[in-house]
Amino acid sequence: MKEYEQNIFVTKSKLPDFKRYCNEIKSIWNNHWLTNHGELHQKFQDLLLDYLDIPLIELYVNGHMALDISIKALGLEGEVITTPFTFASTIHALTMNNIKPVFCDIKLKDYTIDEHLIESLITSQTSAILAVHVYGFPCEVEKIERIARKYNLKVIYDAAHAFGVKLNRKSLTSYGDISMLSFHATKVFNSIEGGALVYEDVNLKEKLYLLRNFGISGPENIEIPGYNAKMNEFSAAMGICNLELIDEEIKSRKKIVDLYVQELNNLKGIKLPVYSDGVDYNYSYFPILIEDSFLLTRDDLHIALEKEGIYTRKYFFPLATDYHCYKKTDDNTALKNSRYVSERILTLPLYGDLSRESVLEICNLIKKMKRKINDERK
Ligand SMILES: *Cc1c(COP(=O)(O)O)cnc(C)c1O
């Protein structure tokens, strides 16, 4: 029997103090306003503008709908250059808008899109670049912007992992035409389900609003076809409460990451994330790469840890190019790094109140497995 928690999952959804949440939703029992841009929706929006220090934001029911709407609002079509090393949402948002995803390889350094390869993939059909700040690690935003300007392309960032990340003291979401945030329960910051679009061009505002609410611009006026993608008041209340806790949460996660790094640093065959100066990270995930010299494979380690009640995740495996639904359509011979990483990456448990004992237990298990395999090979 283990001394600590029975099972350790890769994340644990953040919840505010129960009474604090009840206090926040009390007003709903007075005004019976449950959804459709209520006062908590407005309050959450204002708090986010302030917290992220950005000019404009729109809230949505989830990150995926927000991403879909950003594609429609920018009028993208034809081809969009993106990464196969992401969650299904990124690619589905393109294909469900009849856009062909053109896959660009990633860098081994931080697993983000390799900006050096983007230009070679641009054709007369290309309308945008959809890049992912995977694990909250910033893409080369300045270089991507230069390419986009040169070829007159739009830039969308899937910033689902990047809430609170800053680059040179500025919110990472302030780059690109639009950045999408996810407030899903499993993300570093949650509103149960929820999402947002951060943007600067005020001309997009009306479209981003209409696409969220059936295209309704007045009691008797339907302007364009649109979704129902509004955030409800209970989600907004959860977001308001969790926003009060986010700085503390990120600080706690940093301590855990420091401990992981200290414990796993000298283990041959495990590549740890590289944290650069000039970035304020949010420590949303802790991905380790199991190199061939570790001797145990990623899948071996994943299964062995699971047997001990430790649930790691293969974020992201398989690659989007290998999904059953996309397999036939794409030539993916050039995606060497993406494939290498996807077959070797493992994200370890990480959340603010994960105990030091649990982290040490996880690291000791990994070290023990490594020692065992080393002894067997002698
Ligand atoms: C979670 C996630 C999304 C989708 O966000 P939801 O809020 O779950 O709809 C999109 N892209 C990436 C990379 C994600 O991790």
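Remember, it's a predicted structure, so these values are computed and weren't measured experimentally.

A. Seen up close, the environment of Glu-140. Among the secondary structure elements, Glu-140 is positioned in the loop between β4 (126-132) and α6 (141-151). Overall, Glu-140 belongs to the partly exposed group, its relative accessible area being 26%. Excluding residues within four positions of it along the chain, Glu-140 makes contact with Lys-107 and Glu-115.

B. Broad picture of the sheet that holds strand β15 (residues 345-348). Strand order in the open sheet formed by three strands is β12-β14-β15, and the pairing between neighbours is antiparallel. Bordering the open sheet on either side are β12 (270-271) and β15, each of which pairs with just one other strand. Pairing of β12 with strand β14 (residues 286-290) involves two bridges; the strand directions are antiparallel. Bridge pairing in β14 places Ile-270 opposite Ile-290. The sheet strands contacting helix α9 (residues 246-264) are β14 and β15, and the helix crosses β14 at an angle near 20°. Set on the sheet, helix α10 (residues 298-307) makes contact with β14 and β15; between it and β15 the angle comes to about 25°.

C. Region of interest: the side chain of Asp-158. Along the chain, the position of Asp-158 falls in strand β5 (residues 154-158). In this structure the side chain of Asp-158 is engaged in a polar contact, spanning 2.8 Å, whose partner is the side chain of Thr-90. Excluding its chain neighbours within four sequence positions, the residues that come into contact with Asp-158 are Leu-67, Thr-86, Thr-90, Leu-130, Ala-131, Val-132, His-133 and Met-180.

D. Representation of the sheet that holds strand β8 (residues 178-182). The strand order β1-β9-β8-β5-β4-β2-β3 describes an open sheet built from seven strands, whose pairing is mixed. Unpaired on one side and paired on the other, β1 (56-60) and β3 (100-103) mark the two borders of the sheet. Averaged over all pairs of adjacent strands, the angle between their axes in this sheet comes to 25°, without regard to strand direction. Where β1 meets strand β9 (residues 195-199), five bridges bridge the pair, whose relative direction is antiparallel. Paired with Ile-57 across the two strands is Val-198, which belongs to β9. Sheet strands touched by helix α2 (residues 39-52): β1 and β8. Its angle to β1, the strand with the most contacts, is close to 135°.

E. Seen up close, the site of the ligand. For the ligand, the set of nearby residues contains 15 residues, the closest of which are Gly-63, Asp-158, His-161, Ser-182 and Lys-187. Between Gly-63 and the ligand, the recorded distance is 2.8 Å, taken from a backbone N or O atom to an oxygen atom. If you list the elements that add at least two residues to the shell around the ligand, you get α3 (63-73), α4 (88-95) and β8.

F. Region of interest: helix α8 (residues 233-243). By the criterion of burial, α8 is predominantly enclosed, with ten of the eleven residues buried. When we look at burial in α8, the residues that qualify are Glu-233, Ser-235, Ala-236, Ala-237, Met-238, Gly-239, Ile-240, Cys-241, Asn-242 and Leu-243.

G. View of unusual backbone geometry. Cis geometry marks the peptide bond from Tyr-315 to Phe-316, where omega comes out at 5°. Mapped onto the secondary structure, Phe-316 falls in the loop between α10 and α11 (336-342). That bond from Phe-317 to Pro-318 is cis: its omega, -5°, falls within 30 degrees of zero. Here Pro-318 lies in the loop between α10 and α11. A positive phi angle, close to 55°, is found at Asp-53, a residue other than glycine. Structurally, Asp-53 can be placed in the loop between α2 and β1.

Conventions used here
Residues numbered from 1 in each chain as written. Predicted model: local features only at pLDDT ≥ 70, side-chain atom pairs only at ≥ 80, totals over all residues. Heavy atoms only, no water. Helix = DSSP H or I, 4+ residues; strand = E, 2+ residues; numbered from the N terminus. Buried < 20%, exposed > 50% of the residue type's maximum accessible area, 1.4 Å probe, protein only. Contact = heavy atoms within 4.5 Å. Pairing = 2+ DSSP bridges. Axes fitted to C-alpha atoms, helices over the stretch in contact; angles between N-to-C directions. Polar contact = N/O pair within 3.5 Å; in protein donor to acceptor, adjacent residues only side chain to side chain. Near = heavy atom within 4 Å.

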